[in-house]
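Observations on chain architecture
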Amino acid sequence: MNQVPLVRTEGKAFADQATLTPERMVRDPRLLRASKTDGTREVERALGLGDSLYFYVGHACPEFGQIVLAYTPEWSTSEPGGATPFDTGGLQLGYVQGNGTDDPVSYCISHRVTLASWLDDFTAYVERHFSSPGAYVLGERAQTDDISGRLLHPSNSRRAWTWELQIESDHQLLANLKLLCVQSELAEAIRRELRMLPDDEAAAWIDLISSSDFRVAPAGAEAPAVCGMAEEVISTWL
Amino acid sequence: MAITWRPVEVTVVGFCGLPISAAAAMVAPVFESPIGRYFVGDPDSLVPPRCFLDRSELEQQRHAGYLTLTERQWARMPSGVVLYAHSKFMIPGANSCNLPLSELTPDTAAGVHLTYVTRAHALAILHRWGTLLVEDANRTLSGRPNVMELDRAMDAAQRALFCAPPPEHKSLRVEAFISLAASYIVCRRPPERLYREMKLDFDELTISVIRQRAEAKAAGARAYPFMKSRIGADPADGKRLCVTVSRAAAAA
């Protein structure tokens, strides 16, 4: 069985600039820890997290933009950082409910695992609480609750049970990339940028867009449609 | 379960995502109904949207770049889309093929020209623009283009691709790629990468047709090569045969 991939949704604007434009994707293809709001930095300070780059495990969240990137997970186990079975920002801001969440710092500490061990912990978590990995990826609720009552708490939504990785390094956009889903106009803009690049610089991108790892949503589709398409594709791998 | 979320009057107040620089695109609208409640998705769907936003949440989403709010608002129509075009797409420069702005309205808030029309209407506008661009590229290629004119042809063909979303405007997309590949050949830029890229849109047979037609078009662009004006040396088997040619009309 394939592993559930790490997913990052990009394209959101910070300080009136998009985090990832077609030009930047092609000319400077890096995912940067600097691409975050002051609110996220505040959460990092409050919870004692390092300066992190965030990935959800198996969830393409439409609230972060219209570019969905899915990565194989294995490389993350040798990176600095940690992982939690919930969204840390949601926990700090009071959107994650359960016994003990009123003290988010200690709740985070008691649930956070190292990146070296997170893959085994995540696999056990899905086996214990969900009907299948596919059900987890498609956002279904857990079948059994966790000890703090978080998974089945009626006030909680998906980000309360989705695993989040906090990786304390930047990441090359194309490294370990397994799937890229975008809207049609963005695909067109990426292709236009690529045509201007010399062969050696464009080679990896050309390989990607010529493969089934590159998916384009129909013209006129809104952001949730792109994310939904990505999760449908991911669920077929599992 | 009967769901009665569907509102009677729905207004379009913006579109999903951020406009892309130098691009044109059809994008999904952001709706308001009733006043002060906002959502995206299909207002005709039996299933309500995942979330409704109030004005402050809408502004937060706009600030974060999830959506773009427009100055103008429209009454919602079935299968309506927002069609936007960046000014660098419509009027890239003096040496480019500029498109008429008359069908769109400038929107300072969104930073683009736009309109709200049915999907079919938006596709028709895009097709018209794409045809203009392809014709301009072909006109340029049918002469003896210099470097600047080849840049113009390539720019027009690439912009035409934005007007030809697959699968709706497949034949226009084919024509745009023929012009683009021909431009590559004329300026001695290897087109192989372009043919590889086309696999995203077409099957092998269509790509091979594009290749043939692009090569023919490129040959046409160089149909009248410079002639050497000086007579060459005599051939090995004797004196060069000289033939005097006169116009038939003049002889008559």
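Located above this text is the structure these notes cover.
Residues numbered from 1 in each chain as written. Chains lettered and ligands numbered in written order. Predicted model: local features only at pLDDT ≥ 70, side-chain atom pairs only at ≥ 80, totals over all residues.

**Observations concerning the overall build of chain B**
Secondary structure assignment for chain B yields eight helices and eight strands. Counting the 252 residues in chain B, one finds 41% classified as buried. Across chain B, contacts joining residues at least 24 apart in sequence account for 66% of those joining residues at least 6 apart. (Helix = DSSP H or I, 4+ residues; strand = E, 2+ residues; numbered from the N terminus. Buried ≥ 20, exposed ≤ 12 C-beta atoms within 10 Å, placed from the backbone. Contact = placed C-beta atoms within 7 Å.)

**Quick word on the sheet that holds strand 7 (residues 105-107) of chain B**
Pairing between sheet strands relies on hydrogen bonds along the backbone, with the strands arranged either parallel or antiparallel. All names here are of chain B. Overall, antiparallel pairing links the four strands, which are arranged 2-6-8-7 in an open sheet. The sheet is open, and its two edges are formed by strand 2 (24-27) and strand 7, each paired on a single side. Pairs of neighbouring strands in the sheet enclose a mean axial angle of 35 degrees, with direction left out of account. With four bridges connecting them, strand 2 and strand 6 (residues 80-85) associate as antiparallel partners. The partner of A24 across the bridge, within strand 6, is A85. (Pairing = 2+ DSSP bridges. Axes fitted to C-alpha atoms, helices over the stretch in contact; angles between N-to-C directions.)

**Thoughts on the interface of chain B and chain A**
Listed per partner, the contact involves 25 residues of chain B and 23 residues of chain A. Of all the secondary structure elements, the ones that give two or more residues to the side of chain B that touches chain A are strand 2, helix 4 (147-162) and helix 6 (192-197) of chain B. Here the residues of the side of chain B that touches chain A are counted per class, giving 16 nonpolar, three polar and six charged. (Nonpolar A, V, L, I, M, F, W, Y, C, P; charged D, E, K, R; others polar.)

**Structural notes on the sheet that holds strand 1 (residues 11-16) of chain B**
All names here are of chain B. The antiparallel open sheet is built from four strands, whose spatial order is 4-3-1-5. Of all the strands in the sheet, the pair left with one neighbour each is strand 4 (38-40) and strand 5 (67-75). Between one strand axis and the next, the sheet turns by 30 degrees as a mean value, whatever way the strands run. Alignment of strand 1 against strand 5, held across five bridges, turns out to be antiparallel. The residue of strand 5 that forms the bridge with V12 is W74.

**What about the environment of S96 of chain B?**
With respect to the helices and strands, the residue S96 of chain B is situated in the loop between helix 2 (87-90) and strand 7. For the pair S96 of chain B and R152 of chain B, spaced 56 residues apart in the sequence, the C-alpha separation amounts to 5.4 Å.

**Some points on helix 7 (residues 184-195) of chain A**
Along its twelve residues, helix 7 of chain A runs 17 Å from first to last C-alpha, staying within 8% of the 16 Å computed at 1.5 Å per residue. Judged by how many residues are buried, helix 7 of chain A sits mostly within the fold: nine of twelve residues are covered. (Expected span 1.5 Å × (residues − 1).)

**So, the packing of helix 3 (residues 119-142) of chain B against helix 5 (residues 170-186) of chain B**
Residue and element names in this part refer to chain B. Put simply, helix 3 and helix 5 touch, their axes get as near as 10 Å, and they point 25 degrees apart. As far as their axial angle goes, helix 5 and helix 3 are roughly parallel. Of the two elements, helix 3 crosses helix 5, and the hand of that crossing is left-handed. On helix 5, the residues that touch H127, G130, T131, V134, A137, N138 and L141 of helix 3 are L172, E175, A176, S179, A182, S183 and V186. Counted by class, the contact of helix 3 with helix 5 contains seven nonpolar, six polar and one charged residues. (Parallel < 35°, antiparallel > 145°, perpendicular 65-115°, else oblique. Left-handed = near helix turned anticlockwise from the far one by under 90°.)

**Quick word on the environment of R195 of chain A**
Its location among the elements puts R195 of chain A in helix 7. Note: C-alpha distance between R195 of chain A and I206 of chain A (eleven residues apart in sequence) is 9.6 Å.

**A word on the nonpolar core**
A general trend in soluble globular proteins is that nonpolar side chains are found buried together. Counting residues in hydrophobic clusters, the biggest one holds 122 residues, and the most contacted among them are V68 and A230 of chain A together with Y84, A160 and A181 of chain B. Contacts of V68 of chain A, omitting those with residues within four sequence positions, involve V7, T9, A60, C181, V226, C227 and A230 of chain A. (Core = buried A, V, L, I, M, F, W, Y, C linked by C-beta atoms within 7 Å.)

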